[in-house]
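# Analysis of the macromolecular model
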Amino acid sequence: MQNGGASAHLLSPRDILDVAKAGGIRRVVLLSSQGVATRPQSASHGDVGRSIEDAVRQSGLDWTILRPGGFNSNTYAWAESVRAQRTVAAPFGDVGLPTIDPADVAEVAAATLREDGHAGRIYELTGPALTTPRQQAEALGDALGEPIRFAELTRDEARAQMLRFMPEPVVETTLAILGEPTPAEQRVSPDVERVLGRAPRTFADWARRNTAAFR
C-alpha cells in the first residue's frame, strides 16, 4: 500500500509475468487446478484459473502448468474432531477421488522448474488410486493405532459447515466434485510418475507422516 493510505495497485497475472520476464526469468511453472479442465463453467474453479493459465501461455516464457486434484492435506479439517473424539464427519463417505500428497505436487513443481523437457506441457496431478472419505478415516486410524469412527454428513449438513469459511459458489462446486465427480475427476493420472519416475504416494503414506496433527 502506498503512503497516505491510498489503495494499493494490484498487479494482474500478466503484470507479474512481465516483471519476471524483464528481470531475466525464462521459465515459469504455474500451480493451477484440475477444475480448470473439469469445471470450465464454474466461476470459482474454471473462469479464474483459465484466465491465469492464458496469461502464462501468452507470456512468451517457457511455461509448464500443473493441475492437481484434491489434496490429501484437506483432511487437516478433521484434525480437531479426531483429536477430541476420534471421529471424522464428512459427506459422501463412499465416493472416491484420487487425492494427491502435496509433497508430490512440490516435487513435480521443482522438477519441471529445474529440468528441461517440460516446456509447453500441462500435467494433471493425482494420487495413485481412488480413496473415499471413509477409507481416509480408516487410514488415519491405522496411522494413529486407534480406531476412528466415521460419521456421514448429509449434503445440507456439509454445506452449512462449509459456508462458515468458504464463499457459496466455491461450496457448491466443491460439493459437486465430492459428491458427483466427473469421470475426469476420478481418473488416475500417470503424470506424477511420468515426471518423477515413481508412483505417487498413497493417502496412507501421507497419514503416517502427519499423525502429529491428529494426536
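Each remark here, short or long, concerns the structure printed above.
Structure report, in brief. No experiment lies behind these values; they were computed from the predicted model shown. (Residues numbered from 1 in each chain as written. Predicted model: local features only at pLDDT ≥ 70, side-chain atom pairs only at ≥ 80, totals over all residues. Heavy atoms only, no water.)

### Structural notes on the packing of aromatic side chains
Counting across every chain of the model gives 4 aromatic pairs. Geometrically, the ring pair formed by Tyr76 and Phe214 is stacked, given 6.0 Å between the ring centres and 20° between the ring planes. Placement of the pair is Tyr76 in the loop between strand 2 (62-68) and helix 4 (79-85) and Phe214 in the segment after helix 11 (203-209), with a sequence separation of 138 residues. Judged by centre distance (6.2 Å) and plane angle (75°), the rings of Trp206 and Phe214 are edge-to-face. With a relative accessible area of 2%, Trp206 lands in the buried category. (Phe/Tyr/Trp six-rings, centres within 6.5 Å; stacked < 30°, edge-to-face > 60°. Helix = DSSP H or I, 4+ residues; strand = E, 2+ residues; numbered from the N terminus. Buried < 20%, exposed > 50% of the residue type's maximum accessible area, 1.4 Å probe, protein only.)

### Structural notes on the pattern of salt bridges
For the structure shown, the criterion picks out 19 salt bridges. Arg209 is paired through a salt bridge with Asp101; the nearest N and O atoms lie 2.9 Å apart. With Arg209 in helix 11 and Asp101 in the loop between strand 3 (87-91) and helix 5 (102-114), this residue pair connects regions lying 108 residues apart in the sequence. On the basis of relative accessible area, Arg209 is assigned to the partly exposed category, the value being 45%. The partner of Asp104 in a salt bridge is Arg198, with the nearest N and O atoms 2.7 Å apart. Residue Asp104 is located in helix 5, and its partner Arg198 is located in the loop between helix 10 (191-196) and helix 11; the two are separated by 94 residues in the primary sequence. Accessibility expressed as a relative area gives 0% for Asp104, which makes it buried. Because the salt bridges share partners, they merge into one network encompassing Glu53, Asp54, Arg57 and Arg67. (Salt bridge = Lys/Arg side-chain N within 4 Å of Asp/Glu carboxyl O.)

### Observations regarding the environment of Pro181
By the secondary structure assignment, Pro181 is in the loop between helix 8 (168-179) and helix 9 (183-186). Classification of Pro181 as buried rests on a relative accessible area of 16%. For the pair Pro181 and Ala213, spaced 32 residues apart in sequence, the C-alpha to C-alpha distance is 28 Å. Once residues within four sequence positions are removed from consideration, Pro181 is found in contact with Arg39, Val95, Leu97, Ala176 and Gln186. (Contact = heavy atoms within 4.5 Å.)

### Things to note about the sheet that holds strand 4 (residues 121-125)
Taken in spatial order, the 3 strands make up an open sheet running 1-2-4, and their pairing is parallel. One side of each edge strand has no neighbouring strand; the edge strands of this open sheet are strand 1 (27-31) and strand 4. Adjacent strand axes in the sheet meet at a mean angle of 15°, parallel and antiparallel pairs treated alike. Alignment of strand 2 against strand 4, held across 5 bridges, turns out to be parallel. Note on strand 4: the bridge partner recorded for Ile65 is Ile122. (Pairing = 2+ DSSP bridges. Axes fitted to C-alpha atoms, helices over the stretch in contact; angles between N-to-C directions.)

### Some thoughts on helix 8
For helix 8, with 12 residues, the first-to-last C-alpha span of 16 Å sits near the 16 Å given by 1.5 Å per residue. Listing the buried residues of helix 8 in full gives Val171, Thr173, Thr174, Leu175, Ala176, Ile177 and Gly179. (Expected span 1.5 Å × (residues − 1).)

### A closer look at the nonpolar core
Core analysis: the biggest nonpolar cluster contains 16 residues, and Val82, Val88, Leu140 and Phe214 have the highest contact counts within it. Elements with a minimum of two residues in this core: helix 4, strand 3, helix 6 (133-144) and helix 11. Counting residues per element, this core draws most heavily on helix 6, at 5 residues. Setting aside residues up to four positions removed in sequence, Leu140 forms contacts with Trp78, Ile148, Phe203, Trp206, Ala207 and Phe214. Leu66, Ala111, Leu125 and Val195 belong to the second largest nonpolar core, which has 9 residues in total. (Core = buried A, V, L, I, M, F, W, Y, C linked by side-chain atoms within 4.5 Å.)

### What about unusual backbone geometry?
Residues other than glycine seldom take positive phi values, yet Arg86 does so here, at roughly 50°. Turning to its location among the elements, Arg86 is positioned in the loop between helix 4 and strand 3. Of note, Phe92 is a non-glycine position whose phi angle comes to about 55°, a positive value. Its place among the elements puts Phe92 in the loop between strand 3 and helix 5.

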